[in-house]
Amino acid sequence: MLFRSDELAHTVGVPHAEGIQAELAACEALVASGNAAEAASRLATCEERLDPRTAPVSWGELLRIRGALNDLSGRAPAAHHDLSQSVNVFELVGERYQAALSQLALGTLSLRMGATTRARHALESAREIFKTLGARRDLAATTDALDALAHAPSAVVATTLAEADDVVVRRLIDASALSDLLAREIGRAHV
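Scoring rules and cut-offs
- Residues numbered from 1 in each chain as written.
- Predicted model: local features only at pLDDT ≥ 70, side-chain atom pairs only at ≥ 80, totals over all residues.
- Heavy atoms only, no water.
- Phe/Tyr/Trp six-rings, centres within 6.5 Å; stacked < 30°, edge-to-face > 60°.
- Helix = DSSP H or I, 4+ residues; strand = E, 2+ residues; numbered from the N terminus.
- Expected span 1.5 Å × (residues − 1).
- Buried < 20%, exposed > 50% of the residue type's maximum accessible area, 1.4 Å probe, protein only.
- Salt bridge = Lys/Arg side-chain N within 4 Å of Asp/Glu carboxyl O.
- Contact = heavy atoms within 4.5 Å.
- Core = buried A, V, L, I, M, F, W, Y, C linked by side-chain atoms within 4.5 Å.

Counted according to the given criterion, the structure contains one aromatic pair. Relative to Phe-130, the ring of Tyr-97 lies with its centre 5.8 Å away and its plane at 65 degrees, an arrangement referred to as edge-to-face. Taken together, the positions of Tyr-97 in helix 6 (residues 96-113) and Phe-130 in helix 7 (residues 116-133) put the pair 33 residues apart, joining distant regions of the chain.

Take a look at the structure:
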């Protein structure tokens, strides 16, 4: 997958949007293979080239991949933020399948963090969408995560005040790319 994505991304004459999609696919493959350094470098380049207002679906993908990268790098609060933002972006633009993929990632991260209530909400949301769309493989992964959740003890998620503040600020900055998303995040920040 990495080779094909690279080949497409670097082909002369490839439209800008398709080039970014290919780069995002390459970043996702790098994260999946555990190559965090190269994935981070390439993702930063994608982020510079991507305008969230004109390509919100690509922005949602970038946020999901950045969340996976943060998770891989041991930055769970940042990963949680990115995955939550990805869900919000996809929900705003009506991309139900993509939103469910981000919910699945958010749910499994929350489960590992011990945030069982958050995990249950995200995983149940993903399950309903995958069931409706007939996405069997994703539904099976979600069912497996829900089964693991049924046997997981609840835990208090320890986050420092500085980490919590950083996450709120980052959510607002990322949300400013889309006015509807910013309105949602401002509403949540006041809660």
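Take helix 6 next. When the terminal C-alpha atoms of helix 6 are compared, their 25 Å separation across 18 residues agrees well with the 26 Å that a helix rising 1.5 Å per residue should span. Counting buried positions over the 18 residues of helix 6 gives 13, a clear majority of the element. Once helix 6 finishes, Gly-114 follows within two positions and takes phi at roughly 90 degrees, a positive value.

For the structure on display, the rule yields eight salt bridges. Ionic pairing is found between Arg-42 and Glu-23, a salt bridge with its closest N-O pair at 3.3 Å. Here the residue Arg-42 occupies a position in helix 3 (residues 36-49), and Glu-23 occupies one in helix 2 (residues 16-32), the gap between them amounting to 19 residues. Taken as a pair, Arg-42 and Glu-23 share a single burial class, namely buried. When the shortest N-O distance is used, the salt bridge between Asp-71 and Arg-112 registers 2.1 Å. With Asp-71 in helix 4 (residues 56-72) and Arg-112 in helix 6, this pair connects stretches of sequence that are 41 residues apart. In the salt-bridge network here, residues are joined through shared partners; they are Glu-23, Glu-38 and Arg-42.

Our next topic: the side chain of Ser-58. Within the secondary structure layout, Ser-58 lies in helix 4. Residues within four places of Ser-58 in sequence aside, it is in contact with Gln-21, Leu-24 and Leu-50.

Turning our attention to the nonpolar core. If you look at the biggest cluster of nonpolar residues, it comprises 15 residues, and the most contacted ones within it are Leu-24, Leu-43, Trp-59, Leu-62 and Ile-65. Contributing elements (two or more residues each) for this core: helix 2, helix 3 and helix 4. Apart from the residues lying within four places of it in its own chain, the contact partners of Leu-62 are Leu-24, Leu-43, Cys-46, Glu-47 and Leu-50. If you look at the next biggest cluster of nonpolar residues, it comprises 13 residues, including Ala-100, Leu-101, Ala-135 and Leu-149.

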